[in-house]
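Overview (structure and organization)
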Amino acid sequence: MNRDTPFAARIAFRLPQSLYDKLEKWAEEEDRPLANLVYTLVKQALTEHEREQHALMLEKEMSR
């Protein structure tokens, strides 16, 4: 896979139908494709995770 090409990676996974239905409704409410909503949620979760990891790293450095 060429990592220089944006959106080159694909992933497939299964969701419980109830979760799928809720996500689909959310996407419809925002007038966007479900895939775009999932992409945005994953991107936000990763950003938050990176912030938390950075904060932990700073905490460890300060406690030395």
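Here, every reference points to the structure presented above.
Presented here is a report on the structure given in the accompanying data block.

1. Digging into the overall build of the protein chain
In terms of helices and strands, the protein chain carries 2 helices and 0 strands. A compact globule built from 64 residues should have a C-alpha radius of gyration of about 11 Å, whereas the protein chain, at 17 Å, is more than 25% larger. Taken along the three principal axes of its C-alpha coordinates, the protein chain extends 50 × 30 × 20 Å. The burial tally for the protein chain puts 5% of its 64 residues in the buried class. Surface accessibility of the protein chain: about 6,300 Å² in total, with carbon and sulfur atoms responsible for 55%. On the protein chain, the mean spot of the 10 positive side-chain charges and the mean spot of the 12 negative ones are 5 Å from each other.

2. What about unusual backbone geometry?
Phi at Asp-31 takes a positive value of approximately 50 degrees, unusual for a residue other than glycine. Secondary-structure assignment places Asp-31 in the loop between helix H1 (17–29) and helix H2 (34–62). Among the residues examined, Asp-31 registers a relative accessible area of 73% and is labelled exposed.

3. A short note on the pattern of salt bridges
Counted by the stated rule, this structure contains 2 salt bridges. Of the charged contacts, one joins Arg-51 and Glu-48 as a salt bridge, the two residues approaching to 3.3 Å between their closest N and O atoms. Within this pair, Arg-51 and its partner Glu-48 are both found in helix H2, separated by 3 residues, close to a single helical turn. Among the residues examined, Arg-51 registers a relative accessible area of 53% and is labelled exposed.

4. Focus: the packing of H1 against H2
Here H1 crosses H2 at 100 degrees, and the two axes come no closer than 9 Å. By the angle between their directions, the pair H1 and H2 is classed as roughly perpendicular. When H1 is examined against H2, the residues Tyr-20, Leu-23, Glu-24, Trp-26 and Ala-27 are found in contact with a partner set consisting of Leu-34, Leu-37 and Leu-41. Along the lines of polarity and charge, the residues of the contact of H1 with H2 split into 7 nonpolar, no polar and 1 charged.

5. Let's talk about the environment of Val-38
Examined against the element boundaries, Val-38 turns out to sit in helix H2. Owing to a relative accessible area of 22%, Val-38 belongs among the partly exposed residues under this scheme. C-alpha of Val-38 to C-alpha of Met-62: the two residues are 24 residues apart in sequence and 36 Å apart in space.

Reading the values: rules and limits
Residues numbered from 1 in each chain as written. Predicted model: local features only at pLDDT ≥ 70, side-chain atom pairs only at ≥ 80, totals over all residues. Heavy atoms only, no water. Helix = DSSP H or I, 4+ residues; strand = E, 2+ residues; numbered from the N terminus. Rg over C-alpha atoms; globule rule 2.2 N^0.38 Å. Buried < 20%, exposed > 50% of the residue type's maximum accessible area, 1.4 Å probe, protein only. Areas by Shrake-Rupley, 256 points an atom, 1.4 Å probe, with all protein chains shown as cover. Lys, Arg positive; Asp, Glu negative; His and termini not counted. Charge placed at Lys NZ, Arg CZ, Asp CG, Glu CD. Salt bridge = Lys/Arg side-chain N within 4 Å of Asp/Glu carboxyl O. Axes fitted to C-alpha atoms, helices over the stretch in contact; angles between N-to-C directions. Parallel < 35°, antiparallel > 145°, perpendicular 65-115°, else oblique. Contact = heavy atoms within 4.5 Å. Nonpolar A, V, L, I, M, F, W, Y, C, P; charged D, E, K, R; others polar.

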